[in-house]
Amino acid sequence: MTYKAMDAFLEALEEGNYVAPAMNTTNLEMTIAIVEAAEEAGCPVMVQIAPTNVKLSGYDYIAEIVKRAAEKVSVPVTLHLDHGMSFEDVKKAVDAGFASVMIDASTLDYEENITLTREVVEYCHERGVLVEAELGELSGKEDDHVAEDAAQTDASLCKDFVERTGIDLLAVSIGNIHGIDQAPDLNFELLQEINENVQVPLVIHGGSGIPDKALAKLKSYGVRKVNLASDLRKAFITAVGKRYEENNNEYNLISVLLDAQKAVKETAALKFKALNG
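So, how was this worked out
- Within any chain, residue numbers begin from 1 and follow the written order of that chain's sequence.
- Residue-level local features of this predicted model are given only where pLDDT is at least 70; pairs of side-chain atoms are given and counted only at 80 or more, and the full residue set underlies all totals for whole chains, interfaces and linings.
- Note that the side-chain values use all heavy atoms of the structure and ignore hydrogens as well as water.
- A residue's pLDDT is the predictor's confidence in that residue, given on a scale from 0 to 100.
- Whether two residues touch is decided by their heavy atoms; if any such pair falls within 4.5 Å, the residues are in contact.
- Definition of nonpolar core: a set of buried residues of the types Ala, Val, Leu, Ile, Met, Phe, Trp, Tyr and Cys, connected through side-chain atoms within 4.5 Å.
- Residue burial is assigned from relative accessible area. The probe radius is 1.4 Å, only protein chains are included, and a residue is buried under 20% of its type maximum, exposed over 50%, and partly exposed in between.
- Under the DSSP-based scheme used, a helix requires at least four consecutive residues in state H or I and a strand at least two consecutive residues in state E, with every element numbered from the N terminus.
- At least two bridges found by DSSP between two strands are what make those strands a pair.
- By convention a crossover is right-handed if, when the strands point away from the viewer, the path from the first strand over the helix to the second runs clockwise.
- The span expected for a helix works out to 1.5 Å for each residue beyond the first.
- Note on geometry: axes are C-alpha line fits, over the in-contact stretch for helices, and angles between N-to-C directions span 0 to 180 degrees.

Observations concerning the confidence of the model for the protein chain
Any residue range with low pLDDT should be treated as having predicted coordinates unsuitable for detailed reading. For the protein chain, per-residue confidence averages 92 on the pLDDT scale, and residues scoring 70 or more make up 92% of the total. Taken together, the stretch residues 144–148 has pLDDT below 50 and engages in 10 contacts with residues farther than four places along the chain or on a different chain.

Given below as structure tokens:
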């Protein structure tokens, strides 16, 4: 079994000099596609899900699916809560056995962000769960939430934020954008400055819209986790839609879902190659 606690997973990333694609799942088919793509790429993978998407499966079901999928492969696999917006989100994920969580208090003011994040860190560390938090805010569309304005991360605050919260991973805003409706413009100078100021791994959200050449550069700037969701979901939906267009009387659900699973796996494989060669 290769399901990993997050500290062991991060060690595997450092040892192999990998950037982990943190790929958002929603269901059984997407999870299997993601984990199989990781195995074929020979690369560790972080499977993650946000509270907005866990409505389909429940925290406990998705945790069991990921752990079962991990048993069938040799690469490290772990499970992460993406964009937990409240303490209650975090508790549900921890209770279900998630290896790490993100508490997203980036829309709060700086001191409020620190206060909530620190409370989550204390709760999670007591239970062996690592914590990601965000400083700065991305624009774009994240599930049901649309943010019009971005606030890039203030590099001068990063060291203070990490030290006062005790977080294990820091998500940053450097021109990356949620979703694929807008083009990102990454500020690598800012990313380098942030990397020089903190000792924790950095996280880039909105990876689906970032060109492959830019994705390949991220590991040189302390990035160990890149979130990928929109590309995978689009691949799934497009595959299902294609089958409907071919036959709007289609009822062979297994055949349709296998096509969708294959499409997700192929898209995931491209991202593994872009991030780690």
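Things to note about the nonpolar core
Nonpolar side chains in soluble globular proteins tend to end up buried together. If you look at the biggest cluster of nonpolar residues, it comprises 93 residues, and the most contacted ones within it are Phe98, Val101, Leu170, Leu191 and Ile194. No other element matches helix α10 (residues 253–276), which puts 8 residues into this core. With sequence-adjacent residues up to four places away left out, Phe98 is seen in contact with Tyr3, Ile49, Tyr59, Ile62, Ala63, Leu79, His80, Leu81, Ala93 and Val129.

Topic: the pairing of strand β5 (residues 130–135)
For β5, the buried fraction is high: 6 of the 6 residues fall into the buried class. Alternating positions in β5 separate into two faces, Leu130, Glu132 and Glu134 on one and Val131, Ala133 and Leu135 on the other, with burial throughout. Here 4 bridges tie strand β4 (residues 100–103) to β5, and the two strands are oriented parallel to one another. Bridge pairing links Met102 to Glu132 in β5. As for the winding sense of the linkage, the β-α-β connection from β4 through helix α5 (residues 110–125) to β5 is right-handed. As defined by bridge partners, β5 adjoins strand β8 (residues 169–172) across 4 bridges and the pair is classed as parallel. Paired with Leu135 across the two strands is Val172, which belongs to β8.

Here we look at helix α2 (residues 28–41)
Over its 14 residues, α2 extends 20 Å from the first C-alpha to the last, a length consistent with the 20 Å expected when each residue adds 1.5 Å. Within the span of α2, buried status applies to Glu29, Met30, Thr31, Ala33, Ile34, Val35, Ala37 and Ala38. Just downstream of α2, Gly42 is the residue with a positive phi angle, here 70 degrees.

Focus on the sheet that holds strand β3 (residues 77–84)
With parallel pairing, the 8 strands of this closed barrel are ordered in space as β1-β2-β3-β4-β5-β8-β9-β10. Across this sheet, the average inter-strand angle for adjacent strands is 25 degrees, counted without regard to direction. Helix α3 (residues 59–70) rests against β2 (45–49) and β3 of the sheet, and its axis sits at about 150 degrees to β3.

Re unusual backbone geometry
If you check the backbone angles, Asn17 has positive phi at about 55 degrees while not being a glycine. Along the chain, Asn17 turns up in the loop between α1 (6–16) and β1 (20–24). A positive phi angle is found at His83, which is not glycine, with a value near 50 degrees. Note that His83 resides in strand β3. His83 sits in the buried class, given a relative accessible area of 7%.

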